[in-house]
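Notes for the structure review
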Amino acid sequence: MSGVKTLTVSEDEGEQRLDRWFKRRFPHVTQGAVEKMCRTGQVRVDGARAKASDRVVPGQTIRVPPLPDADAPSRPRPDGVSAADAKMIQDCVLWMDEHMIVLNKPAGLPSQGGSGQGDRHVDGLAEALKFGYKERPKLVHRLDKDTSGLLMLARTDRVARGLSEALRHRNTRKIYWAVVAGVPNPKKGSIKYGLMKAPGHGKRGEGEKMLCVHPAKMAEFPDAKRAHTDYFVLWFLGTRLSWMALEPVTGRTHQLRAHMAELGHPIIGDGKYGGSDADNQGDGWGAAVGGDISRKLHLHARMLEVEHPVTKKMMTFTAPLPEHMARTWKALDWKEDDVPADPFTVFK
């Protein structure tokens, strides 16, 4: 346990949020601990109380109270979340205010519990995202287990209702990045196939798979729901792979995965919908590049535009690529800054 310190924000650290400054200086201290130290007045900026969200600038002095050593054993948490899981989910926080939290969900972590999902999921780990509130934040939408990226949680029931209403009335926009097999033609378009659950519950998860229904045949399948995805090819590698921007106009289960597969260009790493052959050694789309591409699903919720449920201001969030997709971008020499953040409005 260290003693009280007074540290100065350096020029190299620039202007940033107080909690971000703490995270860089003391990576072993959790977001919750920083929030508590600020709330109780243990952390002070230029001698004054401060919030974790306050911005600090070079030259300011920060009072840092005694902190646990980085290698000190963690005490068990009363909420049942392990210290390691609490740190992991708190590190996923991209943005937070008193109303909502925005996470960059890692691939492989389910949004909620369910059949075959186990008991480790965002909804359960939300106990570690209270940050001083009595109730844990609530999910207002979901991402598939293997899809990474932006996920919103509401910190109060009122905000949960507001965000759910915004999602229902399309007052939000989401843009996903994906890598798909081949190159769609045309390179910009819309997919409007309806979606319905496949019958049965076979070993390959047929009951959890969605089937596409041609728009002209929707009346023949009463269980089918209308679905609409806009797509844009941002970059491509010969005829083998494409970097896609996908905007789901509707929000159906597995919509992007099923629609891209129906188009004949399944998402790389998607075993359920036919995009698992990234290591194809023949003359097809995967030849000579499979060894550099992860078998994990290449689908990432990259951008989210949403109206704040309380302030009514439009906010835009961007989530960094997960590690396995960042490796693919590096292998293919794709640069994130070389494409527009929102091609659907840039190239109308």
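Residues numbered from 1 in each chain as written. Predicted model: local features only at pLDDT ≥ 70, side-chain atom pairs only at ≥ 80, totals over all residues. Heavy atoms only, no water.

On the surface, Arg170, Lys197, Lys225 and Arg252 cluster together into a positively charged patch. One can find Lys225 in the loop between strand 14 (210-213) and strand 15 (229-237). Classification of Lys225 by relative accessible area gives partly exposed; the value is 49%. (Patch = residues over 30% accessible without salt bridge, like charges linked within 9 Å, V, L, I, M, F, W, Y side chains within 5 Å. Areas by Shrake-Rupley, 256 points an atom, 1.4 Å probe, with all protein chains shown as cover. Salt bridge = Lys/Arg side-chain N within 4 Å of Asp/Glu carboxyl O. Lys, Arg positive; Asp, Glu negative; His and termini not counted. Charge placed at Lys NZ, Arg CZ, Asp CG, Glu CD. Helix = DSSP H or I, 4+ residues; strand = E, 2+ residues; numbered from the N terminus. Buried < 20%, exposed > 50% of the residue type's maximum accessible area, 1.4 Å probe, protein only.)

A word on the UniProt feature "active site" (unreviewed entry) in the protein. If you check UniProt for "active site" (unreviewed entry), the listed places come out as Asp144 in our numbering. Tracing the backbone through its elements, the reader meets Asp144 in the loop between strand 9 (138-139) and strand 10 (148-154). Once residues lying within four places of it in the same chain are set aside, the contact partners of Asp144 are Lys105, His254 and Arg257. (UniProt positions renumbered as here; feature names shortened; annotations may be inferred. Contact = heavy atoms within 4.5 Å.)

What follows deals with the packing of aromatic side chains. Scanning the model with the defined rule gives ten aromatic pairs in all. Their ring planes at 75° and their centres at 6.5 Å tell us that Trp21 and Phe26 sit as a pair that is edge-to-face. The class for Trp21 is buried, based on a relative accessible area of 0%. An aromatic cluster of at least three residues, connected via ring pairs, comprises Trp177, Trp243, Trp329 and Trp334. When the ring centre of Tyr133 is taken as origin, the NZ or CZ atom of Arg155, which lies over that ring, is 3.9 Å away. Over the face of the ring belonging to Phe236 we find Lys187, whose NZ or CZ atom lies 5.2 Å from the ring centre. (Phe/Tyr/Trp six-rings, centres within 6.5 Å; stacked < 30°, edge-to-face > 60°. Lys NZ or Arg CZ within 6 Å of the ring centre and 35° of its normal.)

Interaxial distance between helix 1 (residues 18-25) and helix 2 (residues 31-39) falls to 10 Å at its minimum, and their mutual angle equals 125°. Considered as vectors, helix 1 and helix 2 are oriented oblique to each other. Relative to helix 2, the crossing made by helix 1 is right-handed. The residues of helix 2 that touch helix 1, namely those facing Leu18, Asp19, Arg20 and Phe22, are Gln31, Val34, Met37 and Cys38. (Axes fitted to C-alpha atoms, helices over the stretch in contact; angles between N-to-C directions. Parallel < 35°, antiparallel > 145°, perpendicular 65-115°, else oblique. Left-handed = near helix turned anticlockwise from the far one by under 90°.)

Once that is clear, we can look at the environment of Val122. Looking at the secondary structure, you find Val122 in helix 4 (residues 122-125). Note: C-alpha distance between Val122 and Gln112 (ten residues apart in sequence) is 6.1 Å. Here Val122 is in contact with Ile89, Leu103, Lys105, Leu109, Pro110, Ser111, Leu139, Leu151 and Leu153, once residues within four sequence places are set aside.

Strand order in the open sheet made by the four strands is 1-6-3-4, with antiparallel pairing throughout. The sheet is open, and its two borders are formed by strand 1 (5-8) and strand 4 (48-49), each paired with just one other strand. In terms of strand pairing, strand 1 meets strand 6 (residues 61-64) through four bridges, oriented antiparallel. Looking at the pairing, Leu7 lines up with Ile62 of strand 6. Helix 1 contacts strand 1, strand 3 (44-45) and strand 6 of the sheet and is inclined by roughly 65° relative to strand 6. (Pairing = 2+ DSSP bridges.)

The next subject is the pairing of strand 16 (residues 241-248). The buried fraction of strand 16 is high, at eight of eight residues. Burial of the side chains of strand 16 extends over both faces: Leu241, Trp243, Ala245 and Glu247 are buried on one face and Ser242, Met244, Leu246 and Pro248 on the other. Relative to strand 16, strand 11 (residues 172-181) runs antiparallel, the two sharing six bridges. Of the residues in strand 16, the one forming a bridge with Ala181 is Leu241. Where strand 15 lies against strand 16, eight bridges are found, and the strand directions are antiparallel. Bridge assignment links Val233 to a residue of strand 16, and that residue is Met244. Linking two consecutive strands that pair antiparallel, namely strand 15 and strand 16, is a turn of three residues; a positive phi of about 55° is found at Gly238 within it.

A few words on the side chain of Thr328. Inspection of the secondary structure puts Thr328 in helix 7 (residues 323-331). At a separation of 2.8 Å, a polar atom in the side chain of Thr328 contacts the side chain of His298. (Polar contact = N/O pair within 3.5 Å; in protein donor to acceptor, adjacent residues only side chain to side chain.)

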